[in-house]
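Residues per chain are reported as follows:
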Amino acid sequence: MKRIVRAPAKLNLGLDAPFVHPDGSIEWRMVMTSIGLSDHLQIETTNRHSKIRIFSDSSFLPNDKRNLAYQAAHLFLTKMNIQTGLEISIKKNIPVAAGLGGGSTDAAAVLRTLNEIFETGLSFDELAQIGAQVDSDVPYCVFSRTALVSGRGEIVTPLKKLPKMWFVLAKPNISVSTPRILKQVATTPVSHPPIDELLAGIEDSDYDRIAANIGNSLECITSASHPQIDTLKSRLIEYGADGSQMSGSGPTVFGICRTESRAHRVYNSLSGFCHETYITQPECDTHPAF
Ligand SMILES: C[C@@](CO)(OP(=O)(O)O)[C@H](O)COP(=O)(O)OP(=O)(O)OC[C@H]1O[C@@H](n2ccc(N)nc2=O)[C@H](O)[C@@H]1O
Ligand SMILES: Nc1ncnc2c1ncn2[C@@H]1O[C@H](COP(=O)(O)OP(=O)(O)O)[C@@H](O)[C@H]1O
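Residues numbered from 1 in each chain as written. Chains lettered and ligands numbered in written order. Predicted model: local features only at pLDDT ≥ 70, side-chain atom pairs only at ≥ 80, totals over all residues. Heavy atoms only, no water.

- As annotated in an unreviewed UniProt entry, the protein chain is 4-diphosphocytidyl-2-C-methyl-D-erythritol kinase from Lentilactobacillus kefiri.
- UniProt annotates the protein chain under Pathway (unreviewed entry) with the comment "Isoprenoid biosynthesis; isopentenyl diphosphate biosynthesis via DXP pathway; isopentenyl diphosphate from 1-deoxy-D-xylulose 5-phosphate: step 3/6." (UniProt positions renumbered as here; feature names shortened; annotations may be inferred.)

## Some remarks on the overall build of the protein chain
- Within the protein chain one finds ten helices and eleven strands.
- By the compact-globule yardstick of 19 Å for 290 residues, the protein chain fits well, its C-alpha radius of gyration being 19 Å.
- For the protein chain, the spread of C-alpha atoms along the three principal axes comes to 55 × 45 × 35 Å.
- Each of the 290 residues in the protein chain was classed as buried or not, and the buried ones make up 56%.
- When the accessible area of the protein chain is evaluated, it comes to approximately 12500 Å², of which 50% is carbon and sulfur surface.
- Separation of charge centres in the protein chain, based on 28 positive and 30 negative side chains, amounts to 5 Å. (Helix = DSSP H or I, 4+ residues; strand = E, 2+ residues; numbered from the N terminus. Rg over C-alpha atoms; globule rule 2.2 N^0.38 Å. Buried < 20%, exposed > 50% of the residue type's maximum accessible area, 1.4 Å probe, protein only. Areas by Shrake-Rupley, 256 points an atom, 1.4 Å probe, with all protein chains shown as cover. Lys, Arg positive; Asp, Glu negative; His and termini not counted. Charge placed at Lys NZ, Arg CZ, Asp CG, Glu CD.)

## Topic: the site of ligand 1
- Among the 19 residues in the neighbourhood of ligand 1, the closest are listed as K10, G24, D135, S136 and S249.
- The side chain of N12 places a nitrogen or oxygen atom 3.1 Å from an oxygen atom of ligand 1.
- Taking S136, its main chain carries an N or O atom lying 2.8 Å from an oxygen atom of ligand 1.
- The fraction of the free accessible surface of ligand 1 (720 Å²) that becomes covered by protein chains is 73%. (Near = heavy atom within 4 Å. Polar contact = N/O pair within 3.5 Å; in protein donor to acceptor, adjacent residues only side chain to side chain.)

Right, here's the structure in full:
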């Protein structure tokens, strides 16, 4: 059997790290949404072999057990005691290691799709529990709809659909190590963004309140070693975005715009400054199908 599915990227509209647990893991309080920028996965069962084979059009991706899509498939087949060969082909549109959850969303797409192919009837909460063993963003990506994410990423509380808005993304040509950023949370005084204000804005479908209350605790850590983050943020505002910030541990920075025409103006102005730019919208809040 074969399925072709989309795996949407995620953005952190709000990211707070209230505290670090004694075991070193971080307690998250994040408002995340999914966007049109997506990977495309072809997932096919086969009896030609009994392995999980990963193919991708990106030379940046591991195609062995280091690939998060592989890890999700292996966990699912083992848990459900299913013997089959599997071939997963990834058309990579989401920049890798960019703070956009590219690996996590591929893993989540594999879990949703295998659940459909084998008619195992697991709930999204059950799929998210499997996904939590891969990476802390996979539980959110199983739902891939605007949500409050807390705990170690395993508590996903769906929120109201966002009001109409546009995002302009800029991925600077720098690589950020998530582990190196997260290691510093315990020892760096970080700001705590107004997550409750952001939640109230979403509840009231109030674009202005949302745009005024985005924030990311990790920004000060990543931008300390990558000043391009602050430069991009300022440029997005200067070119007309109503708010701007880094997604996840970076380096992608996004601007938020009320209208498509404003977004195109910001995108065109930015393209001359940053070569990897994207214009996109929140994913329609139904589960991603192709
Ligand atoms: C920061 C966020 C926010 O959405 O976005 P991304 O930048 O990844 O997109 C993610 O939650 C992030 O999720 P994720 O990358 O899964 O974090 P984790 O799995 O907890 O940790 C990622 C890596 O950092 C390491 N790690 C984590 C916490 C910590 N205090 N020290 C670490 O060294 C972990 O061992 C792991 O190798
Ligand atoms: N399917 C995948 N897509 C993207 N990255 C992957 C995938 N599988 C494993 N990785 C690895 O996971 C790391 C995190 O990638 P990604 O999830 O894109 O970043 P981020 O967590 O910053 O959004 C990268 O080092 C990448 O090599």
